[in-house]
Amino acid sequence: MKNDSKIPHHIAIIMDGNGRWAEKRGLPRNAGHMEGAKRVSEIVEGCLEIGVEYLSIYAFSKENWRRPREEVTGIMKLTEYFFKHQFRTLRDKGVYFVHLGEKKGLPDFVLRIINEIEKNNVENPKMYLCIGFNYSGRDEIVRACRKMFNQLSRGDISPEDISERTFSNYLDTAGIPDPDLLIRTAGEMRVSNFLLWQIAYSEFWITETLWPDFTVKHLRKAISEYQKRYRKFGGL
């Protein structure tokens, strides 16, 4: 990275390719998810070192419930492993956890873990780790609309109070800046219902590298490419 003064404040990552990584090695898909979970800690620590303030990762979408039961069960158990083991180290280094998505529908043991982590978050964060779990961009917008409508119906706000800025306060990412850079692994060219509102002007960086093979070296390359771009936000 040539320009340390142009470090993105917020990076979002669509972590893709865990299953393909495992299949290439003749392993069950959940072995790929385990390897991918290990990679999360490495990338979070890389972001801390680089100076990234916010990292949002897409761990499990609402659509992922359609996958085979064995795979979904494995991912849920992996969530327990990540938070009980790897996240403790990250928390000690100043990482603050933010859950993106709907808690309703998650297994009780996963809910207990998430609530416990939120209850015991660090007081002086060095970085925020936002994890999309049971998350859907469209669902987030619908839920935000419901919250806003409830306030409208009670007379707490008026239609004139509604703007893009105020609407953002009803989203799961309220108070968090929009991603400057969106990274997608495994070469896929789609956003997969992730942070649909927030990535309106994010810079995209796509790599063929599967998520379990993604390293801090790739992260630095993505940031370096980002630093070469001129962001116009619709202007000139």
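Residues numbered from 1 in each chain as written. Predicted model: local features only at pLDDT ≥ 70, side-chain atom pairs only at ≥ 80, totals over all residues. Heavy atoms only, no water.

Peer 1: Looking at this structure, I do not really get the overall build of the protein chain. What am I missing?
Peer 2: From N to C terminus, the protein chain includes seven helices and six strands. For the protein chain, the N- to C-terminal ordering of α and β elements is β-α-α-β-α-β-α-β-α-α-β-β-α. For the protein chain, the C-alpha radius of gyration of 18 Å lies close to 18 Å, the compact-globule estimate for 236 residues. Dimensions of the protein chain along its principal axes, counting C-alpha atoms only, are 60 × 45 × 35 Å. In the protein chain, which comprises 236 residues, the proportion classed as buried is 49%. Summarising the internal contacts of the protein chain: among those between residues at least 6 apart in sequence, 76% fall at separations of at least 24. Separation between the mean location of the 37 positive side-chain charges and that of the 32 negative ones in the protein chain comes to 3 Å. (Helix = DSSP H or I, 4+ residues; strand = E, 2+ residues; numbered from the N terminus. Rg over C-alpha atoms; globule rule 2.2 N^0.38 Å. Buried < 20%, exposed > 50% of the residue type's maximum accessible area, 1.4 Å probe, protein only. Contact = heavy atoms within 4.5 Å. Lys, Arg positive; Asp, Glu negative; His and termini not counted. Charge placed at Lys NZ, Arg CZ, Asp CG, Glu CD.)

Peer 1: Looking at this structure, I do not really get a nonpolar patch on the surface. What am I missing?
Peer 2: A surface patch of nonpolar side chains, about 300 Å² in accessible area, is lined by M189, F204 and I206. You can see F204 is positioned in strand β6 (residues 203-206). Judged by relative accessible area, which is 35%, F204 ranks as partly exposed. (Patch = residues over 30% accessible without salt bridge, like charges linked within 9 Å, V, L, I, M, F, W, Y side chains within 5 Å. Areas by Shrake-Rupley, 256 points an atom, 1.4 Å probe, with all protein chains shown as cover. Salt bridge = Lys/Arg side-chain N within 4 Å of Asp/Glu carboxyl O.)

Peer 1: Which parts of the structure should I look at to understand unusual backbone geometry?
Peer 2: If a residue is not glycine, its phi is most likely negative; likewise, a peptide bond is most likely trans. Despite not being glycine, N134 has its phi angle at roughly 60°, a positive value. With respect to the element layout, N134 can be found in strand β4 (residues 127-135). Note on N134: relative accessible area 2%, which makes it buried. Its identity as a non-glycine residue notwithstanding, S192 has a phi of 55°, on the positive side.

Peer 1: Would you mind showing me how to read the packing of aromatic side chains here?
Peer 2: For any pair of aromatic rings, the description consists of the separation of the ring centres together with the inter-plane angle of the planes. One pass over the full model with this rule turns up 15 aromatic pairs. Their ring planes at 55° and their centres at 5.7 Å tell us that Y201 and F233 sit as a pair that is tilted. Note that Y201 is positioned in the loop between β5 (181-184) and β6 and F233 in the segment after α7 (216-227), a separation of 32 residues in sequence. By relative accessible area, Y201 is classed as partly exposed at 48%. By the ring-pair criterion, three or more aromatic residues cluster together here, those being F82, F83, F87 and F97. Sitting over the face of the ring of Y226, K6 holds its NZ or CZ atom 5.8 Å from the ring centroid. (Phe/Tyr/Trp six-rings, centres within 6.5 Å; stacked < 30°, edge-to-face > 60°. Lys NZ or Arg CZ within 6 Å of the ring centre and 35° of its normal.)

Peer 1: Where do I start with the side chain of E203 in this structure?
Peer 2: Along the chain, the position of E203 falls in strand β6. Look past the residues within four positions of E203 in its chain and what remains in contact with it is D180, L181, L182, Y226, R229 and R231.

Peer 1: Whenever I open this one, the packing of helix α3 (residues 69-92) against helix α4 (residues 108-119) confuses me. Can you help?
Peer 2: The interhelical angle for the contact between α3 and α4, taken along N-to-C directions, is 25°, at an axis separation of 9 Å. Between α3 and α4, the crossing angle belongs to the class labelled roughly parallel. The crossing of α3 and α4 is left-handed. Here M76, K77, T79, E80, F83, K84 and F87 of α3 lie close against α4, whose contacting residues are F109, V110, I113 and I117. (Axes fitted to C-alpha atoms, helices over the stretch in contact; angles between N-to-C directions. Parallel < 35°, antiparallel > 145°, perpendicular 65-115°, else oblique. Left-handed = near helix turned anticlockwise from the far one by under 90°.)

Peer 1: How should I be thinking about the pattern of salt bridges in this particular structure?
Peer 2: Proximity of charged atoms lets side chains of opposite charge pair with each other. By the definition in use, this model includes 21 salt bridges. The salt bridge involving D16 is made with R184; its shortest N-O contact spans 2.9 Å. Taken together, the residues span a long stretch of sequence, with D16 in the loop between β1 (10-14) and α1 (18-24) and R184 in strand β5 at a distance of 168 residues. An identical accessibility class is assigned to D16 and R184; each is buried. In this structure, K62 engages E102 in a salt bridge whose closest nitrogen and oxygen atoms are separated by 2.9 Å. Separated by 40 residues along the polypeptide, K62 in the loop between β2 (54-61) and α3 and E102 in the loop between β3 (95-100) and α4 bring together distant segments of the chain. Through salt bridges with shared partners, a single ionic network connects D16, R20, R184, E188 and R190.

Peer 1: Help me understand the state of the cysteines, please; the structure alone is not making it clear to me.
Peer 2: What makes a disulfide is a covalent bond joining the sulfur atoms belonging to two cysteines. This model, assessed by the stated rule, comprises zero disulfides. You can see C47 has no disulfide; the closest cysteine sulfur is in C130, sitting 11 Å from it. You can call C47 buried: its relative accessible area is 0%. Overall, the relative accessible area of 0% leaves C130 in the buried class. (Disulfide = S-S within 2.5 Å.)

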